[in-house]
Amino acid sequence: PVMFLMAITSCTLSYFVVMDFPWEIYGRIILLWASTYYVYENVAEVMSVIFDDVVMGMLNHVQYWFVTFLFGGFLIPEQDLYWPFKFFYYVTPMSYFLKSCLYLVVTNTTWEKCPPEKIFESAVCVDSTDGHDVLAGLVQVFPFLTTDDTFAKDILILIAQGIFWKGLYVIFFMLKSKKVARIKQE
């Protein structure tokens, strides 16, 4: 419930009031953000248990966030990554979040037409107001996007990632809680 509250408070005003996202995708955007927050929160919990030093835990969480940002597919396309870097593309939440978020926003928005004579003025110029056509143009520039609706799959992957990190947290918490010194009485 807290992840949904965070998603509602962070997205409602910024996305749907200020940036005028279509309200019909509100529930799905909130679910997507809450699932992504869930992953990052569980990573933070793992880092808080693994490292005795609080600063090291925070720095490693920031390092994880940076890795998800760098290998999320929009800075370096997945096909340009080599193993083991391609591994980060699949096991971090950013690519799944961005793919679904941009699909929802672009396909549910009505766009202005871009006439063919202005094709060189923009990276994406589509002579259509339909979001699916605009998304097809964006896929040519950003190959991590897809014209298929992968929302359900992406939510399940994000939840699975969150459960994985929560499981690691429980394991490390149990291991760390059993580290006690025995007092010998003489």
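The structure under discussion appears in the preceding block.
Residues numbered from 1 in each chain as written. Predicted model: local features only at pLDDT ≥ 70, side-chain atom pairs only at ≥ 80, totals over all residues. Heavy atoms only, no water.

## Quick notes on the state of the cysteines
To keep it simple, the criterion reads: Disulfide: a pair of cysteine sulfur atoms within 2.5 Å of each other. Throughout, exposure labels follow a simple rule: accessible area from a 1.4 Å probe, protein chains only, divided by the maximum for the residue type, with under 20% read as buried, over 50% as exposed, and the rest as partly exposed.
With the rule as written, the count across this model stands at one disulfide. In this structure Cys11 is a free cysteine whose sulfur lies 7.7 Å from that of Cys101, the closest cysteine sulfur available. Relative accessible area serves as the criterion here: at 1%, Cys11 is assigned to the buried category. Given a relative accessible area of 7%, Cys101 falls into the buried group.

## Thoughts on unusual backbone geometry
Condition: Think of it this way: any DSSP run of H or I at least four residues long counts as a helix, any run of E at least two long counts as a strand, and we number them from the N terminus.
The omega torsion of the bond from Trp83 to Pro84 falls at 10°, within 30 degrees of zero and hence cis. Residue position: Pro84 is located in the loop between α3 (54–70) and α4 (85–91).

## Observations concerning helix α1 (residues 2–18)
Let me state the cut-off plainly: By this rule, a helix spans an expected 1.5 Å times one less than how many residues it contains. Fitting axes to the seven residues ending at a residue and to the seven starting there, one defines the bend at that residue as the angle between these axes. By definition, residues are in contact when any of their heavy atoms lie within 4.5 Å.
For α1, with 17 residues, the first-to-last C-alpha span of 23 Å sits near the 24 Å given by 1.5 Å per residue. For α1, the principal kink sits at Cys11 and spans about 45°. Residues of α1 that are buried: Met3, Ala7, Cys11, Tyr15 and Phe16. Of the surrounding elements, those touching the buried residues of α1 are α2 (26–50).

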